[in-house]
Amino acid sequence: METQNLISIQQFCKHYSIPKTFINELKEYELIEVIVENDDHYIKITQITEVEKMIRLHYDLNINLEGVDVIYNLLNQVSTLKKEITDLQNKLSFYKKH
């Protein structure tokens with residue numbers, strides 16, 4: 001895998017002033033995917049926004065990692081349900097027209 005769509009965990013942690021253990025704990029909770037290539041650890045660039053949210057929950061709001069896990073999973077469920085509602089509303093409006 002090419003590293004152009006990845007960011008080094010070391011760089012990421014340095015930029016956000018967080019310990020590497022935080023990223024490892026997120027991985028243990030299966031909240032993020034860590035990619036190992038050439039003995040270096042990376043996260044996907046597409047995950048940065050989500051990891052930033054988890055950093056804010058944990059460090060700014062003092063929510064423990066168990067709470068971050070629950071909140072993150074609930075937010076994903078809400079997002080999925082919103083999409084499902086939109087899809088159903090679109091189908092309903094289609095059938096109302098016909």
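Everything discussed here concerns the structure shown above.
Residues numbered from 1 in each chain as written. Predicted model: local features only at pLDDT ≥ 70, side-chain atom pairs only at ≥ 80, totals over all residues. Heavy atoms only, no water.

Below, the discussion takes up the pairing of strand β2 (residues 34–37). Sheet topology note: the β2/strand β3 (residues 40–44) ladder contains four bridges and is antiparallel. Bridge assignment links Glu37 to a residue of β3, and that residue is Asp40. In this antiparallel pair of consecutive strands, β2 and β3, the connection spans two residues, and Asn38 shows a positive phi of 55°. (Pairing = 2+ DSSP bridges. Helix = DSSP H or I, 4+ residues; strand = E, 2+ residues; numbered from the N terminus.)

Our focus in this paragraph is helix α4 (residues 65–97). The terminal C-alpha atoms of α4 lie 48 Å apart, and with 33 residues this matches the ideal 48 Å at 1.5 Å per residue to within 8%. Three or more residues of α4 are buried, namely Leu65, Gly67, Val68, Asp69 and Tyr72. Buried-residue contacts for α4 involve α2 (20–28) and α3 (48–60). (Expected span 1.5 Å × (residues − 1). Buried < 20%, exposed > 50% of the residue type's maximum accessible area, 1.4 Å probe, protein only. Contact = heavy atoms within 4.5 Å.)

Using the criterion set out here, one finds three salt bridges in the structure. The salt bridge partner of Glu50 is Lys53, with a shortest N-O separation of 3.6 Å. Of this pair, Glu50 and Lys53 both sit in helix α3, three residues apart, which is roughly one turn of that helix. Lys83 is paired through a salt bridge with Asp87; the nearest N and O atoms lie 3.1 Å apart. On the criterion of helical spacing, the pair formed by Lys83 and Asp87 is a turn pair, its members being four residues apart in helix α4. (Salt bridge = Lys/Arg side-chain N within 4 Å of Asp/Glu carboxyl O.)

Hydrogen bonds along the backbone pair up the strands of a sheet, which may run parallel or antiparallel. Across the sheet, three strands lie side by side as β1-β3-β2; this open sheet has antiparallel pairing. Each end of this open sheet is capped by a strand with a single partner; those strands are β1 (6–8) and β2. For this sheet the average axis-to-axis angle between neighbouring strands, irrespective of direction, equals 45°. (Axes fitted to C-alpha atoms, helices over the stretch in contact; angles between N-to-C directions.)

Before going further, it helps to spend a moment on the nonpolar core. Among the nonpolar cores identified, the biggest contains 20 residues, and Ile23 and Leu26 are the most heavily contacted of them. Among the elements that line this core, the one with the most residues is α3, at five residues. The residues contacting Leu26, other than those within four sequence positions of it, are Leu31, Ile32, Val51, Met54 and Leu65. (Core = buried A, V, L, I, M, F, W, Y, C linked by side-chain atoms within 4.5 Å.)

Moving on: the packing of aromatic side chains. Summed over all chains, the structure comprises three aromatic pairs. Centroid distance Phe94 to Tyr95: 5.3 Å. Interplanar angle 75°. Geometry classified as edge-to-face. For Phe94, a relative accessible area of 44% puts it in the partly exposed group. (Phe/Tyr/Trp six-rings, centres within 6.5 Å; stacked < 30°, edge-to-face > 60°.)

Every α-helix winds through 3.6 residues per turn, so residues three or four apart in the chain are directed the same way. Here helix α1 (residues 9–16) has its buried residues at Ile9, Phe12 and Cys13. One side of α1 holds all its buried residues, which, seen down the axis, span an arc of 95°. α1 presents Gln10, Gln11, Lys14 and His15 as exposed residues on the side facing more than 90 degrees away from its buried surface. Check the buried side of α1 and you find it contacts β1, α2, β2, β3 and α3. Ser17, located one to two residues past α1, shows a positive phi value of around 55°. (Arc of directions from axis to C-beta.)

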